[in-house]
Amino acid sequence: MEEVTSLESQEYFINMGPQHPSTHGVLRLLLSLDGEIIRKVEPHLGYIHRSIERMCEYDSYQQIVHLTDRMDYLSCHINNEAVCLGVEMGLEVEVPERVKVIRTIISELNRISSHQLWWGVMGMDLGAITSFLYGFRDREMITDIFEETCGARLTMNYNIPGGLMFDIHPNFQKRTKEFVEHFKKTLPEYDDLLSNNVIFRERTVGVGKISKEDAISFGCTGPTGRASGFSCDVRKHDPYSAYPQVDFKEILAEEGDCFARYKCRIDEMWESLSIIEQLIDNIPEGDYKVQTRAVIKLPAGEYYQKVETARGEFGVYIISNGAKSPYRLKFRSPGFSNLSALNKMAVGGKIADLVAIMSTIDLVIPDIDR
Amino acid sequence: MGMNAGNIDPQQRAELLKDFPGEVKSGPGSNIVVTSVDGIINWARANSLWPLVFGTSCCAIEMMATGASRHDWARFGTEVARATPRQSDLIVIAGTIVNKMAPVLKRLYDQMADPKYVIAMGACATSGGPFYYNTYSVVKGADHVIPVDVYVPGCPPRPEALLYGIMQLQKKIKGETLSDPRDPMKDWV
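Residues numbered from 1 in each chain as written. Chains lettered and ligands numbered in written order. Predicted model: local features only at pLDDT ≥ 70, side-chain atom pairs only at ≥ 80, totals over all residues. Heavy atoms only, no water.

1. A few points about the overall build of chain A
On a plain count of helices and strands, chain A comes out with 15 helices and eight strands. Computed over the C-alpha atoms, the radius of gyration of chain A is 22 Å, within 12% of the 21 Å expected from 2.2 N^0.38 for a compact globule of 370 residues. Here the C-alpha coordinates of chain A stretch approximately 90 × 50 × 35 Å along the principal axes. Taking all 370 residues of chain A together, 61% fall into the buried category. Total accessible area on chain A is roughly 14200 Å²; 51% of this is exposed by carbon and sulfur atoms. Computing the positive centroid from 41 side-chain charges and the negative centroid from 54, chain A places the two 4 Å apart. (Helix = DSSP H or I, 4+ residues; strand = E, 2+ residues; numbered from the N terminus. Rg over C-alpha atoms; globule rule 2.2 N^0.38 Å. Buried < 20%, exposed > 50% of the residue type's maximum accessible area, 1.4 Å probe, protein only. Areas by Shrake-Rupley, 256 points an atom, 1.4 Å probe, with all protein chains shown as cover. Lys, Arg positive; Asp, Glu negative; His and termini not counted. Charge placed at Lys NZ, Arg CZ, Asp CG, Glu CD.)

Below, the structure is given as structure tokens:
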């Protein structure tokens, strides 16, 4: 009998998803493994492809706004804003200052609520259920404000081309200030629970690194790109709405690992709070919308508008031929580009690290599949 | 589907009992026993529904909100969200089902052990919702794939609406009886 001189390992494949609690939806990953070491990650998409871009070619511009709610549902208001700004750009309509300020405040509230949910779910992915309850405790305050403002908790659809659907509720300023006060006290708790937790740090520091060059070439934006040192905040570089008049920092980190991405989001919540504080007492008087025609027809041409959602740069590219629906509409979703960097981050790591990496990219699958 | 007394048609039943030496009667005594057992089993089943963690889109966030601090569906015995269908009794279809996902949903349902229940949460799972017209990839309602017990309308439904849906399902479970076990696939078209 031949003597065994070495133990050879063999690569094998496993499926992660489409029904897996840590994929935050229905993403399917085909993992090529060598023992516990990841050799390749291949995402398979399309499990929630709802043909939204195709539907947009049949819908009027007001109707398109509704569909963008259902893409990145955690930053729905910001998605709506992208389409509305694009249409306003085509119509050459200047919205009142009041609309700009209200849109900015609600965008920042939306960003905070998205990050709160991400923080809660990230803790849960790494095995801590307390963070989930803490995150939702604070998030409910924001959904209450949204509900009072426009009647919906999640898919708000508050923006319309030309302004807002209604004026803000009389309680809006008071409740927003209450929330800011409350959240300033509870946000340090987030650090106590996870950021300074030894187990949490062991699982995130140095895990899933991506360099600045790679982040740029994969098109990573949002906290995923900024954690690698890629300055890509649309609010800073290409300001829209009321962002030119507020003073805030762009959060950047150099490490590019999971903890840097985590820290970027936590710091972004502080910046969002500061933006809200600057604007909440200075909402100018005026109309809450400009009257547009009932049937909006954009002049023939191409329009591109980008905004900064909680996940990164979200772009709307409208090609119009002068009809009441766009000829073609393309969404540039941040999740899709960030997901493409997953292979680069995960290769060479353990399979358990993949869960932490996916958490810190903060994927929303309907945003990727559309 | 599993074989149970309710599935056997009377002709087959008579054939099976042909060689049975005794007589099968449903006397008053047996009825009393069955109803008491029914009550206990239904009470236990209705108050320990373990849901499957299954969310495809926006409704999943409201489902998470239902499970989280404020609404807390643990009050109704549904807090033990399981990641595997083999350990769960209830599947809350939270979100759109598209053509590529439909076979996966069917497989998940088939993997669940009887008795199993389905709540279609939101407009998409009920009828296709906002994605009904001009789409080539959306299944117009999850009941094209698996039988649904309770439909919860909304886009997305509020957590209170989902809680009400769970309570309606509990009501439905409490009306079941062992002498005529339910077969969800039987009435499903």
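2. Concerning the interface of chain B and chain A
Residue-level contacts link 36 residues of chain B with 36 residues of chain A. Buried area between chain B and chain A, summed over both chains or domains, comes out near 3100 Å², and the portion from carbon and sulfur atoms is 64%. Counting every contact that joins chain B to chain A gives four salt bridges. Connecting chain B to chain A are 14 residue pairs in polar contact (both at pLDDT 80 or more). Looking at the side of chain B that touches chain A, the elements with two or more residues in it are helix H3 (59-67) and helix H4 (102-111) of chain B. Here the element with the most residues in the side of chain B that touches chain A is H3(B); it accounts for five residues. Its residues assigned to classes, the side of chain B that touches chain A comprises 22 nonpolar, 10 polar and four charged. (Contact = heavy atoms within 4.5 Å. Buried area = accessible area lost by both parts, 1.4 Å probe. Salt bridge = Lys/Arg side-chain N within 4 Å of Asp/Glu carboxyl O. Polar contact = N/O pair within 3.5 Å; in protein donor to acceptor, adjacent residues only side chain to side chain. Nonpolar A, V, L, I, M, F, W, Y, C, P; charged D, E, K, R; others polar.)

3. Focus on the pattern of salt bridges
Taken as a whole and judged by the stated rule, the model has 37 salt bridges over all chains. A cluster of three or more residues bridged by salt bridges with shared partners is formed by A:Glu108, A:Arg111, A:Arg226, A:Asp233, A:Arg235, A:Glu268 and A:Glu308.

4. Some words on the packing of helix H4 (residues 97-125) of chain A against helix H14 (residues 351-361) of chain A
All names here are of chain A. Taken N-terminus to C-terminus, the directions of H4 and H14 make an angle of 180°; their axes are 10 Å apart at the nearest point. It follows from the interaxial angle that H4 and H14 lie roughly antiparallel. When H4 is examined against H14, the residues Trp118, Met122 and Asp125 are found in contact with a partner set consisting of Val355, Ala356, Ser359 and Thr360. (Axes fitted to C-alpha atoms, helices over the stretch in contact; angles between N-to-C directions. Parallel < 35°, antiparallel > 145°, perpendicular 65-115°, else oblique.)

5. Brief notes about H4(A)
All names here are of chain A. Taking 1.5 Å of rise per residue, the 29 residues of H4 would be expected to cover 42 Å, and the 42 Å separating its terminal C-alpha atoms lies within 8% of that figure. In terms of residue burial, H4 counts as a mostly covered element, since 27 of its 29 residues are buried. Just downstream of H4 lies Gly127, where phi reads positive at about 100°. (Expected span 1.5 Å × (residues − 1).)

6. Focus: the confidence of the model for chain A
Averaged over all residues, the pLDDT of chain A equals 88, while 98% of them reach at least 70. For chain A, the element scoring lowest by mean pLDDT is strand E1 (residues 12-16) of chain A, at 87; strand E7 (residues 313-320) of chain A scores highest, at 92. (pLDDT = per-residue confidence, 0-100.)

7. Quick word on the sheet that holds strand E2 (residues 90-94) of chain B
Residues and elements named next belong to chain B. Strand order in this open sheet of four strands is E1-E2-E3-E4, and the pairing throughout is parallel. Two strands in the sheet have a free side with no partner beyond their single neighbour: strand E1 (51-52) and strand E4 (150-152). One ladder, built from three bridges, connects strand E3 (residues 117-121) with E4; its direction is parallel. Bridge pairing links Ile119 to Val150 in E4. Sheet strands touched by H3: E2 and E3. Its angle to E2, the strand with the most contacts, is close to 130°. Of the strands in this sheet, E2, E3 and E4 are in contact with helix H6 (residues 159-174), which crosses E3 at around 155°. (Pairing = 2+ DSSP bridges.)

8. Structural notes on empty space enclosed by the protein
Within this structure, the stated rule accounts for two cavities of 30 Å³ or more. Within this model, the largest cavity holds a volume of roughly 60 Å³. In this structure, the largest cavity is lined by A:Arg50, B:Ser57, B:Cys58, B:Cys59, B:Thr96, B:Met121, B:Gly122, B:Ala123, B:Cys124, B:Gly154, B:Cys155 and B:Pro156. Counting residues per element, the lining of the largest cavity draws most heavily on helix H5 (residues 122-127) of chain B, at three residues. (1 Å grid on protein atoms, 1.4 Å probe; cavity = no way out; pocket = protein on both sides within 12 Å on 5 of 7 lines; lining within 4 Å. Points joined across faces, edges and corners; volume = space filled by probe spheres on them.)

9. Focus on the layout of surface pockets
The computed volume of the largest pocket comes to approximately 940 Å³. Along its surface, the largest pocket is lined by 42 residues, and A:Met124, A:Phe132, B:Val53, B:Met64 and B:Ala81 are the ones closest to its centre. At the level of elements, H4 and helix H5 (130-150) of chain A together with E1 and H3 of chain B are the ones that each hand at least two residues to the lining of the largest pocket. Along the lines of polarity and charge, the residues of the lining of the largest pocket split into 27 nonpolar, nine polar and six charged. The computed volume of the second largest pocket comes to approximately 330 Å³. Lining the second largest pocket are 19 residues; nearest its centre among them are B:Lys172, B:Arg182, B:Asp183, B:Pro184 and B:Asp187. Residues that form the lining of the second largest pocket fall into these classes: eight nonpolar, two polar and nine charged.

10. So, the sheet that holds E1(A)
All names here are of chain A. Taken in spatial order, the three strands make up an open sheet running E1-E2-E3, and their pairing is antiparallel. Bordering the open sheet on either side are E1 and strand E3 (37-44), each of which pairs with just one other strand. Pairwise comparison of adjacent strand axes, ignoring direction, gives a mean angle of 25° for this sheet. Bridging between E1 and strand E2 (residues 28-34) involves five bridges; their strand directions are antiparallel. Residue pairing in the sheet places Met16 in a bridge with Leu29 of E2.

11. Some thoughts on H6(B)
All names here are of chain B. For H6, which comprises 16 residues, the first-to-last C-alpha distance of 23 Å matches the rise-based estimate of 22 Å (1.5 Å per residue) to within 8%. Taken as a whole, H6 has its buried residues at Pro159, Leu162, Leu163, Gly165, Ile166, Leu169, Gln170 and Ile173. All buried residues of H6 lie within an arc of 155° about the axis, which places them on one face of the element. (Arc of directions from axis to C-beta.)

12. Thoughts on the packing of aromatic side chains
Scanning all chains against the criterion turns up 13 aromatic pairs over all chains. Site record: aromatic cluster; members linked through ring pairs are A:Trp118, A:Phe200, A:Phe259 and A:Tyr262. The cationic tip of A:Lys236 hangs over the ring face of A:Phe248; the distance from NZ or CZ to the ring centre is 4.2 Å. Over the ring of A:Tyr47 we find B:Lys100, and its NZ or CZ is 4.7 Å from the ring centre. (Phe/Tyr/Trp six-rings, centres within 6.5 Å; stacked < 30°, edge-to-face > 60°. Lys NZ or Arg CZ within 6 Å of the ring centre and 35° of its normal.)

13. Re the confidence of the model for chain B
All names here are of chain B. Residues with a pLDDT of 70 or more make up 87% of chain B, whose mean pLDDT is 82. When pLDDT is averaged over each helix and strand of chain B, the minimum, 73, is found for helix H2 (residues 28-46) and the maximum, 92, for E4. Across the predicted assembly, pTM comes out at 0.86 and ipTM at 0.86.

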